[in-house]
Amino acid sequence: MWQPTRVEQDRLKKVAELEALGMDLYPARVQRTHTTAEALAAYQAAEAANAENPEEITVTVCGRIRRANIKGKVAFMHIEDEHGRLQLFFRINDVGAEAYEPIKQKLIEVDDFVQASGTMMRTKAGEISVRVQSYQLLAKSLSPLPVVKQRVDDDGNVIEYGEFSDVEMRYRQRYADLAVNRDVREVFKKRSKIIRAMRNFLDDEGFLEVETPILQPIYGGAAARPFTTFHNELQQELYLRISFELYLKRLLVGGYDAVYEIGRDFRNEGVSYKHNPEFTMMEFYKAYIDYKGVMEIVEQMTAFIAQEVNGSLKINYQGEDIDLTPPWPRITLRDAIIQYSGIDYMEYRTSEDLFEALRDIGDEIEPGLTWGRMIDHLLGKYVEPQLRQPTFIMDYPRDISPFAKQVTGDDFHVERFEWFIAGMEMGNAFTELNDPRDQEARFLEMKKLYADEDDEATPLDEDYLRAMRYGMPPSGGFGMGVDRFVMLLTNQRSIRDVLLYPHMRPEG
RNA sequence: GGCCCCGUAGCUCAGUUGGCAGAGCACCUGACUUUUAAUCAGAGUGUCGUAGGUUCGAGUCCUACCGGGGUCACCA
């Protein structure tokens, strides 16, 4: 239930006064001939053509009032639309005493949406403005937005005085955050550009964009706990997908050479600066390449997107210079772990021996993990934080990679790589396992290894095996966390800053 | 889930040893026909996150809870 604050009560009084004047506070019909940016550009063009006496330009513009300076019988307001700001110049002589009164009385004020018609001009101070002949209220604002005063300096930089920075309120009321913080709007515009560039790249490479089920009877393709839900009519237990992998590879069986999907994944895990329960994933699968072919595509795609969006392959992330120019270093997981922890896990080929080796270097790892998981621990703790520049870490332990093809002549490793930048995992890829007999054995192996963990930790997907038995061409597959990639290119510290509506606990 | 930090006006914040609840901006009243962080003259508008406790007296000290941030754990 809304409890109006004192300021909101003031605004409700103004609402009553405006309605007493017969004004429609929320009209359905609007006119607009120019955005703020178009109106400015039109006047600048007219000035360029004839500086002394520019052609008279008539405009009707719309926007939210962001600043109002009522100076007796004249008033200045800045309206803002998505494209910028524009000053409106009201004179009582121009709009008439009756129409001027609501402005003078501040019945129409900051935060309201207005439409204004007039001719373009420059004020004495030099600011391009609309000399308003008539105006109309488009939407009355009942609740004040946080106050952030702005000034544009001589170089065109926007300087803000005061700020709206309460993190919780910014996430819970993203609309207010966006309305007030221009740089936040820019982040999400850039996010859109990044995803568009990704699509353009993949489309041009001959990939087909597809959509696969989010509600799945059996989840799989990644290491994560799922969300569960229920279909009432069918009396069916369902999972929200944790990856697209198994459905996309079925499409290679179906005859497509290359497919990709960009969409939402759901993982029932902790929340952190790089984890949100739902997040955007991009996965692609391409026939007739292996994981090294995938590396080349990933390098080229990253370079293409960075060039499209930032105009450069060099970025600065949180004060750190990062160069995305391909090719990137390719280091085996074994070598990387030797380099950063001093342990060569191939000298400890049982989980018991490796556990002792970890304890010997002072690691407080808990007992009972599988050999592969201990190696994953070594990667996460000693290697990952050190990988600042783009790096491929390749050849992973078999028991944590059930969908990757074994490295030829090596019983311990599979052809898998993970891609890291700025100490964060960006992506994960395999030479895809397409031997249905081996795949079935892996499913059973997983079941045995992790049987005592959460129920159904590794469900065996019979339909996926059926598809594999028809035959899938040798393929390379890739998945990446789009949000983390957006963080990188927009220089945002937290995944919450690249999600419009990050997950929050319910409001008290 | 463990540990640490934070929660005071619409926004950003201060608040001493426990002693009348504060500032800037916003809002409100008034002046002003080219301002632009407008200016000038007035006025403080509050469930100090919530509930208990200690005390003559709590924004301040104690306990629990709620919410947020950080970090560790979890994330085959």
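Quick notes on the rules
- Residues numbered from 1 in each chain as written.
- Chains lettered and ligands numbered in written order.
- Predicted model: local features only at pLDDT ≥ 70, side-chain atom pairs only at ≥ 80, totals over all residues.
- Heavy atoms only, no water.
- Pairing = 2+ DSSP bridges.
- Helix = DSSP H or I, 4+ residues; strand = E, 2+ residues; numbered from the N terminus.
- Core = buried A, V, L, I, M, F, W, Y, C linked by side-chain atoms within 4.5 Å.
- Buried < 20%, exposed > 50% of the residue type's maximum accessible area, 1.4 Å probe, protein only.
- Contact = heavy atoms within 4.5 Å.
- Axes fitted to C-alpha atoms, helices over the stretch in contact; angles between N-to-C directions.
- Parallel < 35°, antiparallel > 145°, perpendicular 65-115°, else oblique.
- Left-handed = near helix turned anticlockwise from the far one by under 90°.
- Nonpolar A, V, L, I, M, F, W, Y, C, P; charged D, E, K, R; others polar.
- Near = heavy atom within 4 Å.
- Polar contact = N/O pair within 3.5 Å; in protein donor to acceptor, adjacent residues only side chain to side chain.
- Domains from an automatic or database assignment.
- Salt bridge = Lys/Arg side-chain N within 4 Å of Asp/Glu carboxyl O.

A. Main features of the pairing of strand β7 (residues 158-161). Sheet analysis places strand β6 (residues 149-152) next to β7, joined by 4 bridges and oriented antiparallel. For glutamine 150, the partnering residue across the bridge sits in β7 and is glutamate 160. Hairpin connection from β6 to β7: 5 residues lie between these consecutive antiparallel strands, with glycine 156 at a positive phi of about 85°.

B. Spatial organisation of the nonpolar core. By size, the foremost hydrophobic cluster in this structure holds 50 residues, and its most contacted members are Met198, Met282, Phe284, Phe417, Trp419 and Phe478. Per element, the largest residue contribution to this core is 10 residues, and it comes from helix α9 (residues 291-310). In terms of nonpolar packing, the next biggest core, distinct from the first, is built from 44 residues, Tyr345, Met346, Leu465 and Met468 among them.

C. Spotlight on the sheet that holds strand β16 (residues 330-332). Here we have 8 strands laid out as an open sheet, ordered β8-β12-β13-β20-β19-β18-β17-β16, and mixed in their pairing. Since the sheet does not close on itself, it has two edges, and those belong to β8 (208-209) and β16, each with one partner. Across 6 bridges, the pairing between strand β17 (residues 391-397) and strand β18 (residues 413-421) is antiparallel. Each bridged residue has a counterpart across the sheet, and for methionine 394 the counterpart in β18 is phenylalanine 417. Across the sheet, α9 is in contact with β13 (278-287), β16, β17, β18, β19 (424-431) and β20 (475-481); its angle to β18 comes to roughly 15°.

D. Expanded view of the packing of helix α11 (residues 351-360) against helix α12 (residues 371-383). Closest axis-to-axis distance for the α11/α12 pair is 9 Å, and the angle between their directions is 25°. It follows that α11 is roughly parallel to α12 by the angle criterion. Read as a crossing pair, α11 and α12 show a hand that is left-handed. Contacts between α11 and α12 involve Ser351, Leu354, Phe355 and Leu358 on the former and, on the latter, Trp371, Met374, Ile375, His377 and Leu378. Considering only residue class, the contact of α11 with α12 consists of 7 nonpolar, 2 polar and no charged.

E. Fine view of the environment of tryptophan 419. The residue tryptophan 419 is located in strand β18 in this model. In this structure tryptophan 419 comes out as buried when scored by relative accessible area, which is 0%. Sequence spacing of tryptophan 419 and leucine 248 is 171 residues, and the spatial spacing of their C-alpha atoms is 21 Å.

F. Representation of unusual backbone geometry. Omega for the peptide link from proline 326 to proline 327 comes to -5°, which places this bond in the cis form. Among the secondary structure elements, proline 327 is positioned in the loop between β15 (320-323) and β16. One non-glycine residue, asparagine 491, adopts positive backbone phi at about 60°. Inspection of the secondary structure assignment puts asparagine 491 in the segment after α15 (482-490). On the accessibility criterion, asparagine 491 (33% relative accessible area) is partly exposed.

G. Structural context of α15. Counting buried positions along α15 yields 9 of 9 residues, so the element is predominantly enclosed. Within α15, burial applies to Val482, Asp483, Arg484, Phe485, Val486, Met487, Leu488, Leu489 and Thr490. After α15 finishes, the residue asparagine 491 shows a positive phi value of roughly 60°.

H. Spatial organisation of the protein's contact with RNA strand B. Taken together, 54 residues are adjacent to RNA strand B, and Asn69, Glu168, Ala223, Glu269 and Arg373 come closest. Take the atoms of RNA strand B that sit within 4 Å of the protein: sugar and phosphate atoms are 59% of them. A distance of 2.6 Å is found between a base oxygen of RNA strand B and a side-chain nitrogen or oxygen belonging to glutamine 87. In the model, a base oxygen of RNA strand B is placed 2.8 Å from a nitrogen or oxygen of the asparagine 93 side chain. Listed by contribution, the elements that provide at least two residues to the surface near RNA strand B are α1 (6-20), β1 (58-71), β2 (74-81), β3 (84-91), α3 (92-95), β6 and α5 (167-172). A per-class count over the surface near RNA strand B returns 19 nonpolar, 11 polar and 24 charged.

I. Representation of the environment of tyrosine 464 in the model. Along the chain, the position of tyrosine 464 falls in helix α14 (residues 462-470). The exposure class assigned to tyrosine 464 is buried, which follows from its relative accessible area of 0%. As for tyrosine 464 and glutamate 440, which are separated by 24 residues in sequence, their C-alpha atoms are 9.7 Å apart.

J. Region of interest: the domain arrangement of chain A. One can read the domain layout of chain A as domain 1 (6-139), domain 2 (149-180) and domain 3 (183-214 + 242-329 + 389-497). Inter-centroid distance (C-alpha atoms) of domain 1 to domain 2 is 22 Å.

K. Up close: the sheet that holds β1. Read once around its circumference, the closed barrel built from 5 strands follows the order β1-β2-β3-β5-β4, with strand pairing classed as mixed. Adjacent strand axes in the sheet meet at a mean angle of 55°, parallel and antiparallel pairs treated alike. Alignment of β2 against β3, held across 8 bridges, turns out to be antiparallel. Bridge pairing in β3 places glutamate 80 opposite arginine 85. Contacting β1, β2, β3 and β5 (128-139), helix α4 (residues 97-104) runs over the sheet at an angle of about 70° to β2.

L. Highlighting the side chain of lysine 14. Structurally, the position occupied by lysine 14 is in helix α1. Since its relative accessible area comes to 16%, lysine 14 is described here as buried. One polar contact links the side chain of lysine 14 to the main-chain carbonyl oxygen of lysine 106, over a distance of 2.9 Å. One polar contact links lysine 14 to glutamate 109, side chain to side chain, over a distance of 2.8 Å.

M. View of the pattern of salt bridges. For the structure on display, the rule yields 39 salt bridges. Residue aspartate 112 pairs with lysine 140 through a salt bridge whose shortest N-O separation is 2.8 Å. Residue aspartate 112 is found in the loop between α4 and β4 (113-122), and its partner lysine 140 is found in the loop between β5 and β6; the two are separated by 28 residues along the sequence. The burial state of aspartate 112 is the same as that of lysine 140; both residues are buried.

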